[in-house]
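Tertiary structure, described
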Amino acid sequence: VVPRVWGYIPVSLYLKDRKDVIYTFMGIDVTRMPVSPKIALSLEEGRFLRDKDQRKIVVGRGFSKPFMVNAGDRIRFKNLWGEEREYEVAGIFTSAVSIYPAGLILAPMDDARSFFGYESDEASDLCVYLDYPDSAPALAGKISSDMPGLRTLTRESISEINQQVFGRKSGIFQILWMILLLTSILIALAQAFNITTDMKREVGILKALGWSVMDVIEMKSLESLTMGLLATFGGLAAAVWYLLAGAPGIKDYFLGWSQVYPDFPVPLCVDFNTVLLMLTIGVFPILAATIIPCWIIGVIDPDKAVRI
């Protein structure tokens, strides 16, 4: 059982304009807490905290970048009582998913207790590490029954809470996705059975020149396939550009109150299945809207088709 002491530090950033953000200041016991392998921190610069360190901190890239802080620099924080404390930046870390360490500052336990006004026997929470993680639910239930005043959270319950919160928000986009999918199918069907005069005349001329129905369908399919591929990859490129631009609007909606945290790049994740799905939605409706009219017109006599 390892205690932790942590709290929030409000800071005003002055870049293009003022922005009030919150950083998490956390005190840890580096001799007992397996921090690095558990939360996948990787140091980009400097070193991690060591035993007997005093007034040293390890900050995330979300802190060092806007404040232009490097390892070895000294920085001051003001606590709730207006007292300033100076710390030396021992190291700077990052992570594969930058949401977690964007606003995190790690410090020795005694420094965090002093900063937040905790006594030596007080802590914000307790981390319980088990030799057999499968027994975590049973132990959490035992702690809750023996000490009703404590709130017990397991790693799985935290993951489920996050999935529920973000799952509800992602459901809105799933509904929008289904509406767009249905719309594109309906448009493809409407276009497939909406045979225009120009298309009839074009197919009739091609047949009069000696083209077979399969030749016309093949040519039109190649034309539609080219258009679909260009449109799909153009849309994917626009989506990547929108994401690299910070995903304004969508990012704030997903983060909710967490947008008071420092800015961080949204992770870009594009896999083969996603690209294949986009190609399916972007290409097949256009092919259906082309092949069906060509086949219907193809059975009409060329002379009649040209005269229409």
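Before any of the text, the structure's been laid out above.
Below or above, wherever it landed, is the structure these notes cover. (Residues numbered from 1 in each chain as written. Predicted model: local features only at pLDDT ≥ 70, side-chain atom pairs only at ≥ 80, totals over all residues. Heavy atoms only, no water.)

Quick look at the packing of aromatic side chains now. The relation between two aromatic rings is expressed through the spacing of the ring centres and the mutual angle of the planes. Scanning the model with the defined rule gives 11 aromatic pairs in all. Ring centres of Phe 25 and Tyr 87 lie 5.6 Å apart, and the angle between their planes is 55 degrees; this geometry places the pair in the tilted category. Here Tyr 87 lies in strand β6 (residues 84-94) and Phe 25 lies in strand β2 (residues 18-28), a separation of 62 residues in the sequence. Looking at Phe 25, the relative accessible area reads 0%, which means it is buried. Aromatic ring contacts, followed pair by pair, group Tyr 23, Phe 25, Phe 63, Phe 67, Phe 77, Tyr 87, Phe 115 and Phe 116 into a single cluster. Against the face of Tyr 87 rests Arg 55, its NZ or CZ located 5.7 Å from the ring centre. (Phe/Tyr/Trp six-rings, centres within 6.5 Å; stacked < 30°, edge-to-face > 60°. Helix = DSSP H or I, 4+ residues; strand = E, 2+ residues; numbered from the N terminus. Buried < 20%, exposed > 50% of the residue type's maximum accessible area, 1.4 Å probe, protein only. Lys NZ or Arg CZ within 6 Å of the ring centre and 35° of its normal.)

Core analysis: the biggest nonpolar cluster contains 21 residues, and Phe 25, Ile 57, Phe 63, Phe 77 and Ile 105 have the highest contact counts within it. Those elements that place two or more of their residues in this core are β1 (2-14), β2, β4 (56-60), β5 (74-78), β6, β7 (104-108) and α3 (109-116). It is α3 that contributes the most residues to this core, four residues altogether. Formed by 11 residues, the second largest nonpolar core is a distinct cluster that contains Met 33, Ala 90, Leu 104 and Leu 106. (Core = buried A, V, L, I, M, F, W, Y, C linked by side-chain atoms within 4.5 Å.)

This part takes up unusual backbone geometry. Positive phi, normally seen in glycine, also occurs at Lys 52, with a value near 75 degrees. Classification of Lys 52 by relative accessible area gives exposed; the value is 73%. Even without being glycine, Met 68 reaches a positive phi, approximately 55 degrees. Residue placement: Met 68 occurs in the loop between α2 (61-67) and β5.

Tracing the sequence through the fold places Leu 49 in the loop between β3 (42-46) and β4. A C-alpha to C-alpha distance of 7.3 Å links Leu 49 and Pro 108, two positions 59 residues apart in sequence. Sequence-distant contacts of Leu 49, defined by excluding residues within four places in its chain, comprise Ile 28, Val 30, Lys 56, Ile 57, Val 58, Leu 106, Ala 107 and Pro 108. (Contact = heavy atoms within 4.5 Å.)

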